[in-house]
Structure formats: structure tokens, C-alpha cells
Amino acid sequence: MGSPCILLFLADPEMPSGKRTKAMKTETSDKLVVEGGPSDSTKKAQAAKDCGNESSRYWLMKSEPESRMEKGVDVKFGIEDLKAQPKQTACWDGVRNYQARNFLRAMKVGEEAFFYHSNCKEPGIAGLMKIVKEAYPDHTQFEKGSPHYDPSSKKDNPKWSVVDVQFIRMTKRFIPLAELKVHHQAHKASGGPLENMALFTRQRLSVQPLTKGEFDFVLSLEDKKPS
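In the nomenclature of an unreviewed UniProt entry, the chain corresponds to Thymocyte nuclear protein 1 from the organism Sarcophilus harrisii. As its UniProt record puts it under Function (unreviewed entry), the chain is described as follows: "Specifically binds 5-hydroxymethylcytosine (5hmC), suggesting that it acts as a specific reader of 5hmC."

Spelled out as C-alpha cells, the structure:
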């Protein structure tokens, strides 16, 4: 996520006992969806529409690796925190932007994502993780002590969702935002794979889809010297 994250022990019936979670800072919504009681199929259709029609999807997910207090809670959660979780797995909670939430709902087990360090001294890609559980209700929306409590969300029709992610590996080197931006600017002129990368066209989203071309190009950078 691109915001500070917190680790909480939660007694949630949908989560394995003892599992810890990360929470992400609230985002500013830049795309609202119609609220009400949409069916699961409607939600999935909207999520798929937002993501495009690629059958093989990749993701970039932002989280904050440095301490930041929000409503008395440290919302720090970096890739090292994910590695430290039981089975190196955590739930990606705290997303409060409708489009980012729809992307979470579109994710499928086995899809890979970059873990992106955000809102820190040097933002950029730190490693890889994979989706190990598809979207289910975000428990933090109902917890009054959570920075992500949403009193307007109801348990019979929850607004917000999470997925479970599992650490795969660190990238061979940290790939900073500044380096990615250089390639993005070059590709805008040349028509390269990062020409329309959401990291630059939809910067505020903490959960972003990637094309296979974008994912492969970014991953190839780990074997190259910094530009």
C-alpha cells in the first residue's frame, strides 16, 4: 500500500487464528461506485471492467515502510513486516478508495504483485508477493478503534474488501520511483511498455493493475545497473 501500515492481532472469523494483518491509510476516492446492495456478480463485473480484459493480470500494491501515527496507531507496514508474518502472509486491509477496492475484488489466487514502498524517503519497488486468498470483507471497517473504521459500512453489505498476500522474494535490488519515472518519460516518447503505467497516470491509487509488458519490463530492471 502506499501508506503507513499497522500490524494488528484480530479475532476475525474469516481469518486464520493468530494471523496478523496490515492496515493502510485512507485514500481519497477519485472514482465512486453506486452504493446500495450490488450482488457479488455485479461487484466482480465492475472490478473486471476497471481492470481491462487481460486474462493474466499483475499488480502494484503500495504500503508505507516508515512509522506514521494515525488515530494513535502506527500504520507502518513494509515488505520486511510481511516477511515476518506467519507463513509470510497478511491481509491487505485499509483500502478506502472505490477503484482500488474494485481492483482488490478483481484479483485471483496466484496472481503476482509488486510490493511498493510509498510515502517514504525513497519510494519504489522492494519485492514480489502473490495473491493467496481472493477478496472478502475488510474487518477494519467495523472496528471503532481502527484508523480505517467506516461507520457507514454495514456487515450485511460491507463497502470495503481485502485480499491475502504472501511474500515471494525481494527484488535483486530496490527499484526506485525516480528510475521508473525516467523509463516512463522515455517510453511516452518512444511508445515503450511503461508509456501508460498507472503508477504515473493514476498516481493516487494504492492498488494498481499492470499489463504483462509493464510487469516484465519492471522486473527486468533488477538485473540491470541503475540508470
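**Q** Go over the overall build of the chain with me, naming the residues and quoting the values.
**A** Of regular secondary structure, the chain possesses 6 helices and 10 strands. Within the chain, contacts between residues separated by at least 24 positions form 74% of all contacts whose residues are at least 6 apart in sequence. For the chain, the computed accessible surface area is about 10,300 Å², with 53% contributed by carbon and sulfur atoms.

**Q** Provide a residue-level description of helix H3 (residues 98–106), including the pertinent values.
**A** When you tally the buried positions in H3, you get 9 out of 9 residues, the bulk of the element. Listed in full, the buried residues belonging to H3 are Tyr98, Gln99, Ala100, Arg101, Asn102, Phe103, Leu104, Arg105 and Ala106.

**Q** Pulling in residues and values, what's your account of the nonpolar core?
**A** Core analysis: the biggest nonpolar cluster contains 23 residues, and Met61, Trp92 and Val207 have the highest contact counts within it. When residues of this core are traced back to their parent elements, those giving at least two are strand S3 (58–63), helix H2 (79–83), strand S6 (89–93), H3, strand S7 (112–117), strand S8 (124–137) and strand S9 (161–176). Ranked by residues supplied to this core, first place goes to H3 with 4 residues. With 18 residues, the next largest nonpolar core counts Tyr116, Ile175, Leu210 and Phe217 among its residues.

**Q** Any chance you could break down helix H6 (residues 212–220) for me, citing the residues and the numbers?
**A** Among the residues making up H6, those that are buried are Glu214, Phe215, Phe217, Val218 and Leu219. Where H6 is buried, its residues contact S3, S7, S8, S9, helix H4 (177–190) and strand S10 (207–210).

The rules we used
All chains use their own residue numbering, which begins from 1 and follows the written sequence. Side-chain atom pairs in this predicted model are given and counted only at pLDDT of 80 or more, local residue features only at pLDDT of at least 70, and totals for whole chains, interfaces and linings cover all residues. Hydrogen atoms and water are omitted, and side-chain values are computed over all heavy atoms in the structure. UniProt positions are given in the numbering used here, feature names are shortened, and annotations may be inferred rather than shown by experiment. Numbering of helices and strands starts at the N terminus; helices are DSSP runs of H or I of at least 4 residues and strands are runs of E of at least 2. In this description, contact between two residues means that some pair of their heavy atoms is separated by no more than 4.5 Å. In this description, accessible areas are obtained by the Shrake-Rupley approach with a 1.4 Å probe, and a residue is regarded as covered only by the protein chains that are shown. Exposed residues in this analysis have more than 50% of their type's maximum accessible area, buried residues have under 20%, and partly exposed residues fall in between, with area computed by a 1.4 Å probe over protein chains only. By nonpolar core we mean a set of buried residues, namely Ala, Val, Leu, Ile, Met, Phe, Trp, Tyr and Cys, connected to one another through side-chain atoms within 4.5 Å.

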